[in-house]
Amino acid sequence: MWANLLWVMAGSAVGGGCRYLLSNVITEHSAGCFPWGTFVVNIAGCLLIGILFGLIERGVDISPELRALLITGFCGGFTTFSTFAHENYLLFSDSRFWIVFVYAVASFAVGLLLAHAGHALARI
């Protein structure tokens, strides 16, 4: 258990760093008030976790340590529900109800679609 905890912590650190960098690059290059940075990292994380679980379903032998590093650690550190919730709160507080609706529905729908696509891609 303690060894896996270290793998999760290492993956979380790398995933969080990647989230920070990618989100900032996307935010700097996007206009408007839609939170593109968080949206892109969250849906990319959905695709990646779908691919990883699809590989496992396909029978690819991924050790418990590598699962802890990549799935729980990296994907968990890369994606961010708390930032998603806070951005929706800020948009709601600013009376941008239409953007809250689009952001929430698109995040769920596209995330679910990409998690499914990841599973499907890994099974090819």
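Here the structure is a predicted model, which means the values were calculated and not measured.

Procedures and definitions
- Residues numbered from 1 in each chain as written.
- Predicted model: local features only at pLDDT ≥ 70, side-chain atom pairs only at ≥ 80, totals over all residues.
- Heavy atoms only, no water.
- Salt bridge = Lys/Arg side-chain N within 4 Å of Asp/Glu carboxyl O.
- Helix = DSSP H or I, 4+ residues; strand = E, 2+ residues; numbered from the N terminus.
- Buried < 20%, exposed > 50% of the residue type's maximum accessible area, 1.4 Å probe, protein only.
- Core = buried A, V, L, I, M, F, W, Y, C linked by side-chain atoms within 4.5 Å.
- Expected span 1.5 Å × (residues − 1).
- Contact = heavy atoms within 4.5 Å.
- 1 Å grid on protein atoms, 1.4 Å probe; cavity = no way out; pocket = protein on both sides within 12 Å on 5 of 7 lines; lining within 4 Å.
- Points joined across faces, edges and corners; volume = space filled by probe spheres on them.
- Nonpolar A, V, L, I, M, F, W, Y, C, P; charged D, E, K, R; others polar.
- Axes fitted to C-alpha atoms, helices over the stretch in contact; angles between N-to-C directions.
- Parallel < 35°, antiparallel > 145°, perpendicular 65-115°, else oblique.
- Left-handed = near helix turned anticlockwise from the far one by under 90°.

Caption draft 1: Just the pattern of salt bridges, in detail. Evaluated as defined, the whole model comprises 2 salt bridges. Between Glu-57 and Arg-123 there is a salt bridge, and its shortest N-O distance comes to 3.5 Å. Of this pair, Glu-57 sits in helix α2 (residues 36-58) while Arg-123 sits in the segment after α5 (97-122), and the two are 66 residues apart along the sequence. Arg-123 gets classed as partly exposed once you look at its relative accessible area, which sits at 46%. Between Asp-94 and Arg-96 there is a salt bridge, and its shortest N-O distance comes to 2.7 Å.

Caption draft 2: Region of interest: the nonpolar core. Within the largest apolar cluster, 8 residues are counted, these being Phe-34, Phe-39, Ile-43, Phe-84, Leu-91, Ile-99, Val-100 and Tyr-103. Listing elements by their share of this core, those giving two or more residues are α2, α4 (81-93) and α5. At 3 residues, the largest contribution of residues to this core is made by α5. Membership of the second largest hydrophobic core comes to 5 residues, among which are Ile-56, Ile-62, Ile-71 and Cys-75.

Caption draft 3: Representation of unusual backbone geometry in the model. Phi at Ser-95 is positive, roughly 60°, even though this residue is not glycine. By the element assignment, Ser-95 lies in the loop between α4 and α5.

Caption draft 4: Structural context of α2. An ideal rise of 1.5 Å per residue puts 33 Å on 23 residues; α2 measures up with 33 Å between its terminal C-alpha atoms. Taken together, the buried positions of α2 are occupied by Gly-37, Thr-38, Phe-39, Val-41, Asn-42, Ile-43, Gly-45, Gly-50, Leu-52, Gly-54 and Ile-56. Considering only its buried residues, α2 is in contact with α1 (2-28), α3 (64-78), α4 and α5. Positive backbone phi, at 105°, marks Gly-59, one or two positions downstream of α2.

Caption draft 5: View of the layout of surface pockets. Considering only enclosed or pocket space, the largest pocket measures out at about 250 Å³ in volume. In this structure, the largest pocket is lined by 13 residues; those nearest its centre are Asn-42, Gly-45, Cys-46, Thr-79 and Thr-80. Within the residue set of the lining of the largest pocket, elements represented by two or more residues are α2, α3, α4 and α5. For the lining of the largest pocket, the per-class residue count stands at 6 nonpolar, 7 polar and no charged.

Caption draft 6: Inspection of the packing of α2 against α5 at higher detail. Remark: α2 packs on α5, axes separated minimally by 7 Å, with the N-to-C direction vectors making an angle of 30°. By the criterion of interaxial angle, the relationship of α2 to α5 is roughly parallel. α2 and α5 meet at a crossing whose hand is right-handed. Each of Thr-38, Phe-39, Ile-43, Cys-46, Leu-47, Gly-50, Ile-51, Phe-53, Gly-54, Leu-55, Glu-57 and Arg-58 in α2 lies in contact with α5, whose residues at this interface are Tyr-103, Ala-106, Ser-107, Val-110, Gly-111, Leu-114, Ala-115, Ala-117, Gly-118, His-119, Leu-121 and Ala-122. Across the contact of α2 with α5, the residue classes tally to 15 nonpolar, 7 polar and 2 charged.

Caption draft 7: Focus on the side chain of Ser-107. With respect to the helices and strands, Ser-107 occurs in helix α5. You can call Ser-107 buried: its relative accessible area is 14%. Ignoring sequence-local partners within four residues, the contact set of Ser-107 consists of Phe-39, Ile-43, Phe-84 and Val-102.

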